[in-house]
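# Chains, contacts and geometry: an overview
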Amino acid sequence: MSRRISSLGTTAALLLVLIVTACARPATPATGSQPAPVTQAGPIRIGASISLTGQYARTGRELLNGYQFWMEQANAKGGVLNRQVQFVTYDDESDPETAAKLYEKLISEDKVDVIIGPYSTAVTLAASTVTEKHRYPMIVSGASGTDIWARGYKYVFGTYTMAPFYMDGAIDIAKKNGYRTVALINENGAFSKDVVAAAEKKAKEAGLDVIYTEEYTKDVRDLTPTLTKIRAANADVLIAGTYGDDATLIVRQLKDLNWTPKLVALTIGPALPDFTEALGTDAEYVFGATQWEPNIKAPGVSEFATAYNAKFGHMPGYHAAGGYGSAQLLQQGLEKVGSVDNQKLRDALASMNTTTAFGAFKVDDTGSQTAKPSYLIQILGGERKLVWPDAAAESAASIPMPGWNQRS
Amino acid sequence: MEISTLVQLLIGGLLLGAVYALAAAGLNLIFGVMRVVNFAHGDLMMLGAYVAFWLYTLAGLNPLVSLLATVPLLFLLGWGLQRWLVDRVVGQPPLMSLILLWGVSLVIINAALFLWTSNSRSVPAFSGGIELGGLSISRSRGIAFVAAIAITGAVWLFLQRSRWGKAIRATAQSSEMALVCGIDVARVRHITFGLAAAMAGAAGNLIVFIFAVSPVVGPTFMLKSFAIIVIGGLGSFQGALVGALVVGVIESFSAYVLNSQVSEAIVYFALILFLLARPNGLLGARL
């Protein structure tokens, strides 16, 4: 009878056998009939809390995409240190306290091998208190607030361009074009505060006149009062430390008020695809800060961007790239050390000078990233164009921003 | 303060207030009839926003036209929620309904996150301002205002004039008496929740072209609506309208005179003041 089995049947039978053995293997107790494989120490487990709900859900998801995409690629190439890698993640609900508890759980209960950072400055600040206590090095994959590295911690390593550099491009362009007055507003989160505080200082150093500052809450639904005051002061430049929905709101309400400053630069918002989807053509000419763009000419960038696009159906934003690059950095660190040893990994990260798809990495004594510059994009023709710094720019900045009724 | 700025702020406050009113009036309707605080009200609003967003994105439908779909869809959802879930906790201790509806809220939010991701969505329609005597009035907010007032007014007329409206008001006054008089109180509750959900959905449908929404916006709207109905008067339909307009204007002026951070907090400050000094709110508890 076995001779008459069709080739299809053989394949099916083989598959069945494979599945059965594959399934049976973990259940088989190691009784000594089989020598325990020394090299197969199980996967390297990487712990992280991710903001999948709450304020940072949008960007947290991107970060997780970056991690998982790296994991798939790394495992397909045989893993790290000849071991597969596996993420153990929990939703921290964008809540710093929750994240701190989750990292405690990851390290103490789940006993993960290594950890990697969560998203946002606030969450990272809380989570890193726990990882520092346990002496687990944390690659900060989604935060750039200065406070994180101002606490004398030894196990926290930055990958992002630091918050104080975010608006360098906008200030530089404003200065070069002879603009005089700047209004600075921001959402009152830790990161946006850092960006705008530094921008205010740098704007003054550049000889610009800071004529208006204000903070607003993340749930703001009407910025007309604020923008009315800025319009009355007739600021040349509007710089806003935004975190998403407020970016859309600012542009829409500028149009409602039928007023444009000469230059509008926002931190987070323009670099996310939602921005142009939500605003349509009104998004044109707005500048946005970015950590990373898929069209930066640097090693590994276009390979990552193309493969990511093929999988997810859209080009990666910098949050995804940050997750991917940070995981690559973790891989490089582990491979340099040659084993899963958190103390050695910490020492390696402290002295490494390397590059990932996310960009250059080198830290100072505090663990703060020093090698990566800030980039400025502008929405032109519906696309995010890299316009600053000049060396990396793919097109020139288009200023001043035309009035709403002067657009075709 | 210049007079033009004053008018600009007043108008800005009223425009947003009317949309709050549409949501808050629904919340008050449910509270009036069932003594239940609909914790998922903001999430029903979010669903309304997504209906409008998807109809625009997939079919290019004008968000005002999509009201024709949002309102019946959300009515059915509200009707079903009441019929199969909330009915079980009406008349029970308040904690029961709070926990149930909080659960409903969590399910809606997480289902939305799962289905539609956490991306911020908005419909780029009706942008720009209408110049009016030196002022620039937001077109999108103006349109939302007119639509919100029209819908709120229509519901008010329905409550005042129609048989079912009268039945709803009677049930709100005393469900036992209404029952004795031969009113199908269970059915009244289904219709009330459906109506309130439809109003929340309509409010969501209108905000989607004012600002960006994501699956997690519900709770903040719910909290604000709750503050509004306490200020306006728990259980009072007109109170919700007045409370919402007052809140909109207070927010607008405090943001200008003080700053935006204070203006977000001031509503809740007012909520505490009202609870202490005038627990019946501006218009007491009459439906």
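Residues numbered from 1 in each chain as written. Chains lettered and ligands numbered in written order. Predicted model: local features only at pLDDT ≥ 70, side-chain atom pairs only at ≥ 80, totals over all residues.

### A look at the overall build of chain A
Broken down by element type, chain A carries 12 helices and 14 strands. Overall, the C-alpha framework of chain A stretches about 85 × 55 × 40 Å when taken along its three principal axes. Expressed as a percentage of its 408 residues, the buried residues of chain A come to 52%. For chain A, long-range pairs separated by at least 24 residues make up 69% of all intrachain contacts whose partners lie at least 6 apart in sequence. (Helix = DSSP H or I, 4+ residues; strand = E, 2+ residues; numbered from the N terminus. Buried ≥ 20, exposed ≤ 12 C-beta atoms within 10 Å, placed from the backbone. Contact = placed C-beta atoms within 7 Å.)

### Regarding the overall build of chain B
When its secondary structure is counted, chain B shows 11 helices and two strands. Counted from the first residue to the last, chain B has its helices and strands arranged as α-α-α-α-β-β-α-α-α-α-α-α-α. Its C-alpha radius of gyration of 18 Å places chain B within 12% of the 19 Å reference for a compact globule of 287 residues. By principal-axis analysis of the C-alpha atoms, chain B measures approximately 60 × 50 × 35 Å. Taking all contacts inside chain B whose residues are at least 6 apart in sequence as the whole, residues at least 24 apart take part in 78%. (Rg over C-alpha atoms; globule rule 2.2 N^0.38 Å.)

### Examining the domain arrangement of chain A
All names here are of chain A. We note that the domain assignment places domain 1 (44-161 + 297-361) and domain 2 (165-290 + 374-406) within chain A. Placing a centre on the C-alpha atoms of domain 1 and another on those of domain 2 gives a separation of 29 Å. Taken together, the 13 residues of domain 1 in the interface contact 12 residues of domain 2. Within the side of domain 1 that touches domain 2, the residues separate by chemical class into two nonpolar, nine polar and two charged. (Domains from an automatic or database assignment. Nonpolar A, V, L, I, M, F, W, Y, C, P; charged D, E, K, R; others polar.)

### So, the packing of helix α1 (residues 3-34) of chain B against helix α10 (residues 237-257) of chain B
Residue and element names in this part refer to chain B. Close contact between α1 and α10 brings their axes to 6 Å; oriented N to C, the two are set at 145°. The interaxial crossing formed by α1 with α10 has right-handed handedness. For the contact of α1 with α10, the class distribution of residues is 19 nonpolar, eight polar and one charged. (Axes fitted to C-alpha atoms, helices over the stretch in contact; angles between N-to-C directions. Left-handed = near helix turned anticlockwise from the far one by under 90°.)

### So, the pairing of strand β8 (residues 237-243) of chain A
Residue and element names in this part refer to chain A. By the criterion of burial, β8 is predominantly enclosed, with seven of the seven residues buried. In β8, alternate side chains face the same way, and those of Val237, Ile239, Gly241 and Tyr243 on one face and Leu238, Ala240 and Thr242 on the other are all buried. Here strand β6 (residues 181-187) runs beside β8; their pairing, made up of five bridges, is parallel. Residue Ala183 lies in a different strand from β8, and its bridge partner there is Leu238. Pairing analysis gives five bridges linking β8 to strand β9 (residues 263-268), with the strands arranged parallel. Bridging from a neighbouring strand, Val237 pairs with Leu263 of β9. Read as a crossover between parallel neighbours, the route from β8 over helix α8 (residues 245-256) to β9 is right-handed. (Pairing = 2+ DSSP bridges. Right-handed = clockwise from strand over helix to strand, strands pointing away.)

### Overview of the interface of chain A and chain B
Opposite the 35 residues of chain A that make contact, chain B presents 32 residues. If you list the elements that add at least two residues to the side of chain A that touches chain B, you get α2 (57-76), β7 (209-216), α7 (224-233), α8 and α9 (273-279) of chain A. With six residues, the single largest contributor to the side of chain A that touches chain B is α8(A). Of the residues assigned to the side of chain A that touches chain B, the class counts are 10 nonpolar, 11 polar and 14 charged.

### Topic: the confidence of the model for chain B
Per-residue pLDDT for chain B averages 92, and the proportion of residues at 70 or more is 99%. On the interface metric, ipTM, the complex scores 0.85, and its pTM is 0.78. (pLDDT = per-residue confidence, 0-100.)

### What to know about the sheet that holds β6(A)
Residue and element names in this part refer to chain A. Taken together, seven strands build an open sheet; the order of strands is β7-β6-β8-β9-β10-β13-β14 and the sheet is mixed. Each of the sheet's edge strands pairs with one partner strand only, and the pair in question is β7 and β14 (383-388). Pairs of neighbouring strands in the sheet enclose a mean axial angle of 25°, with direction left out of account. Across four bridges, the pairing between strand β10 (residues 287-290) and strand β13 (residues 375-380) is antiparallel. Bridge pairing in β13 places Thr290 opposite Tyr375. This element, helix α6 (residues 190-205), spans β6, β7, β8 and β9 of the sheet and lies at about 170° to β6. In this fold α8 packs onto β6, β8 and β9, with an angle of close to 150° to the strand it touches most, β8.

### A short note on unusual backbone geometry
Residue and element names in this part refer to chain A. In this chain, Trp388 is followed by Pro389 through a cis amide linkage whose omega measures 0°. In this structure, Pro400 follows Ile399 across a cis peptide bond, with omega equal to -10°. Along the chain, Pro400 turns up in the segment after β14. The phi dihedral of Lys111 is positive, around 50°, even though this residue is not glycine. Relative to the assigned elements, Lys111 resides in the loop between α3 (96-108) and β3 (114-115). Lys111 gets classed as exposed once you count the C-beta atoms within 10 Å, which come to 10. A positive phi is found at Asn234, a non-glycine position, where the angle reads about 50°.

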